[in-house]
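Letter by letter, the chains look like this.
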Amino acid sequence: MSEKQVSKKIVLHFPKSLINEPIVYRLIKDFNLKYNILKAQILPDQEGLMVMDLSGKEKDYKKGIDYLKKTGVSMQLLSKDIRRDEDSCTHCGACIVICPTEALRPDKKTGKVIFDSEKCIACELCIDPCPVRAMELHF
Amino acid sequence: MAKTIKEINEKIKKGKAVVVTADEMTELVKKEGVKKAAVKVDVVTTGTFGPMCSSGVFLNFGHTNPKMKFSKVWLNNIEAYAGLAAVDVYLGATQMPENDPLNRMYPGKFLYGGGHLIEDLIRKKKIDFRAESYGTDCYPRKEFKTKITLNDLNEAFMLNPRNAYQNYNCAVNLSDKTIYTYMGVLKPNLGNANFCSAGHYSPLLNDPLYRTIGVGTRIFLGGGEGFVVSSGTQHSPCAKRNTKGIPETPAGTLMVQGDLKMMSPEWVRGVSMLGYGVSLMIGIGIPIPVVDEEIAASCGTSDEEIVCPVVDYSKDYPAATGKSLGKVSYSMLKSGQIELRGKKVPTASLSSYPGAVKIAGILKKNILRGKFLLGEPQSLLPGPDSGIKFKSLK
Ligand code: SF4
Ligand code: SF4
């Protein structure tokens, strides 16, 4: 039985005391996870910041994140994800003039409002102006 | 050749009526002319699905034991008007809960109010009920708390004093800061233009002189069946009209009524207007009997022929100057962009066009199946010769 795979972009903050610990190495080796570092930087206050794409089996991923938290590294997900509740959207069109990227735009044929998540930059501008609050922020 | 509503109903019962939507009628009139369309078509179905603030519900809860005369009632912490008999209340769509921050955190979000509560009732959700009273000999109880659903109520009637506005303003903002209105978020310096009418699908624009719609007209209301009770509040039939009788400003309105227990949450939605408040989006569809050529002609009207005033909501609207910046047609508004003062301004609708199309389609299907008969109006609405003037409070 194949297990569920997960892949997420995460932001890690390493406190000064942990900067020289082989944390990422253990994450890979002990938990069988794959990574792709998108950004790594030592901040002026000697803290480490790393943005990476971390993937692997769901179970391993969870264990890996637990391990990270125990070490004292703080973690957040990077990509905010905007979704539209399709059952709720009335296709009124109030969001069209709000969206800066045309991720929300009219479909000339049907008069419906298209939501193109590829174009969405998760600026969140459309969330509050939507009368039925169909645009949702997911982390 | 004139037809009567009775004759059309006979055809509907026999499954012989010809029913088209407002859009199909416009096409037909363009192609074959008014004369032929008037003979061919019996009923034109219309639709609109937009925020209609002047809406609400009458609820009857039945009696507690011992009995109580409610003097104050809250549903999910939203106060309903209880100044009626012992266990009747009226709950308005724009009412807010008592602890809401409103616009103290500007622009307020208005996430839950009367409109949402009405939607939750239709969704059969459990609602917190709380009542207070002063106690009388016949109604001794002074407090009561429980949970209710729509099924627990004796009656739940929607009764909306002003719906289905015949035409409406297009709202813009000439100031240099964003404003938050019941017409949506308006960006500064003509950043956008918002409108709120289904245009040629709109019920009262298909019968602009109220020749067939009147007291007792059977309508699609919120997914169920309802009736026109009378003209609505602020009905102003003497508005300026074009040669076809179509008003160029907001004009006629309807008071409508229907049973909440028959309605569907698809067509009754609580809405939160950022920085403004809560409203209720309601689906309304009205069948227009094509009694003669004049009605056929008005049902054949296209969006190019219907215009509305562009109003500055940063100054002219709040200051009630009555000024408009000009007129635009619904075909321009629906194209996604209008030109104002030499600037291209993107447009947005608050009323759902796909919703209007769907309602006209549902109504058409129900009439064709013989499930929906036309109501014969017992009296017509006050028209352009009524002399009714829209008054202001001085
Ligand atoms: S404003 Fe909301 S309901 Fe209207 S089209 Fe956009 S997402 Fe849908
Ligand atoms: S979050 Fe921003 S970019 Fe994405 S759809 Fe909403 S307004 Fe457009």
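Thresholds applied
Residue positions are counted from 1 within each chain, in the order its sequence is given. Written order decides the labels, with chains lettered from A and ligands numbered from 1. Predicted model: local features are reported for residues with pLDDT of at least 70 only, side-chain atom pairs are reported and counted for 80 or more only, and whole-chain, interface and lining totals are derived from all residues. Hydrogens are left out, water is left out, and the side-chain values use all remaining heavy atoms of the structure. Whether two residues touch is decided by their heavy atoms; if any such pair falls within 4.5 Å, the residues are in contact. Using a 1.4 Å probe, buried area is obtained as the accessible area two parts lose upon being combined, added over both of them. Here, a salt bridge means any side-chain nitrogen of Lys or Arg that lies within 4 Å of a carboxyl oxygen of Asp or Glu. Whenever a nitrogen or oxygen atom comes within 3.5 Å of another N or O atom, the pair is scored as a polar contact, on the condition that within protein one atom can donate a hydrogen and the other can accept it, and that pairs from neighbouring residues in sequence are kept only if both atoms are in side chains. Any residue that is not Ala, Val, Leu, Ile, Met, Phe, Trp, Tyr, Cys, Pro, Asp, Glu, Lys or Arg is counted as polar, Gly included; the first ten are nonpolar and the last four charged. By this definition, two strands are paired if DSSP reports at least two bridges between them. Only DSSP runs of H or I reaching four residues or more are called helices, and only runs of E reaching two or more are called strands; each is numbered from the N terminus. Helix axes use the C-alpha atoms of the stretch in contact, all axes being lines fitted to C-alpha atoms, and the angles between their N-to-C directions lie in the range 0 to 180 degrees. Where each domain starts and ends comes from a domain assignment, either automatic or drawn from a database. Here, expected helix span is obtained from the residue count minus one, scaled by 1.5 Å. Here the bend at a residue is taken as the angle between two axes, fitted respectively to the seven residues that end there and the seven that start there. When a residue's accessible area, from a 1.4 Å probe over protein chains only, is under 20% of the maximum for its type it is buried; when over 50% it is exposed; and in between it is partly exposed. We define proximity as follows: a residue is near a molecule or strand when any one of its heavy atoms falls within 4 Å of that partner. When an angle is under 35 degrees it counts as roughly parallel; over 145 it counts as roughly antiparallel; between 65 and 115 it counts as roughly perpendicular; any other value is oblique. Left-handed describes a crossing whose near helix is turned anticlockwise from the far helix by less than a right angle; the clockwise case is right-handed.

Section: the interface of chain A and chain B
Line of reasoning, step 1. Taken residue by residue, the interface counts 19 residues in chain A and 24 residues in chain B.
Line of reasoning, step 2. Between chain A and chain B lies a buried interface of about 1,500 Å² when both sides are counted; carbon and sulfur atoms form 60% of it.
Line of reasoning, step 3. One can count 1 salt bridge joining chain A with chain B.
Line of reasoning, step 4. B:Lys109 is paired through a salt bridge with A:Asp128; the nearest N and O atoms lie 3.1 Å apart.
Line of reasoning, step 5. Between chain A and chain B we count 8 residue pairs in polar contact (both at pLDDT 80 or more) in total.
Line of reasoning, step 6. Residue classes in the side of chain A that touches chain B are distributed as 8 nonpolar, 6 polar and 5 charged.

Overview of the sheet that holds strand S20 (residues 287-289) of chain B
Strand pairing in a sheet relies on backbone hydrogen bonds, with the paired strands running either antiparallel or parallel.
Residues and elements named next belong to chain B.
Line of reasoning, step 1. Strand order in the open sheet formed by 3 strands is S1-S2-S20, with mixed pairing between adjacent strands. In the strand order of this sheet, the two ends are held by strand S1 (19-21) and S20, each with one partner. Strand-to-strand twist of the sheet, defined as the mean angle between neighbouring strand axes without regard to direction, takes the value 25°.
Line of reasoning, step 2. Here 3 bridges tie S1 to strand S2 (residues 43-45), and the two strands are oriented parallel to one another.

Structural notes on the domain arrangement of chain B
Residue and element names in this part refer to chain B.
Line of reasoning, step 1. According to the domain assignment, chain B contains domain 1 (5-53 + 159-375) and domain 2 (58-104 + 126-158).
Line of reasoning, step 2. Summarising the inter-unit geometry, the C-alpha centres of domain 1 and domain 2 are found 34 Å apart.
Line of reasoning, step 3. Between domain 1 and domain 2, the residue contacts involve 18 residues of the former and 13 residues of the latter.
Line of reasoning, step 4. Taking both sides of the interface into account, the surface hidden between domain 1 and domain 2 amounts to around 1,300 Å²; carbon and sulfur atoms contribute 62%.

Some thoughts on helix H2 (residues 22-40) of chain B
Residues and elements named next belong to chain B.
Line of reasoning, step 1. Spanning 19 residues, H2 covers only 14 Å between terminal C-alpha atoms, well under the ideal 27 Å at 1.5 Å per step.
Line of reasoning, step 2. By the largest-angle criterion, Gly33 marks the main kink of H2, which is about 120°.
Line of reasoning, step 3. Restricting attention to buried positions, one finds in H2 the residues Ala22, Met25, Thr26, Leu28, Val29, Ala37 and Ala38.
Line of reasoning, step 4. Those residues of H2 that are buried are in contact with S1, S2, helix H4 (203-206) and helix H5 (293-299).

Observations regarding the site of ligand 2
Line of reasoning, step 1. Of all residues adjacent to ligand 2, which total 13 residues, the nearest are A:Cys99, A:Cys120, A:Cys123, A:Glu124 and A:Cys126.
Line of reasoning, step 2. Classifying every residue of the shell around ligand 2 gives 11 nonpolar, 1 polar and 1 charged.

Let's talk about the packing of helix H1 (residues 23-31) of chain A against helix H2 (residues 58-71) of chain A
Residue and element names in this part refer to chain A.
Line of reasoning, step 1. In contact at an axis separation of 10 Å, H1 and H2 are set at 150° when each is read in the N-to-C sense. As judged from the angle between their axes, H1 and H2 are roughly antiparallel. Read as a crossing pair, H1 and H2 show a hand that is right-handed. Across the interface between the two elements, Ile23, Arg26, Leu27 and Phe31 of H1 pack against Asp60, Lys63, Gly64, Tyr67, Leu68 and Thr71 of H2.

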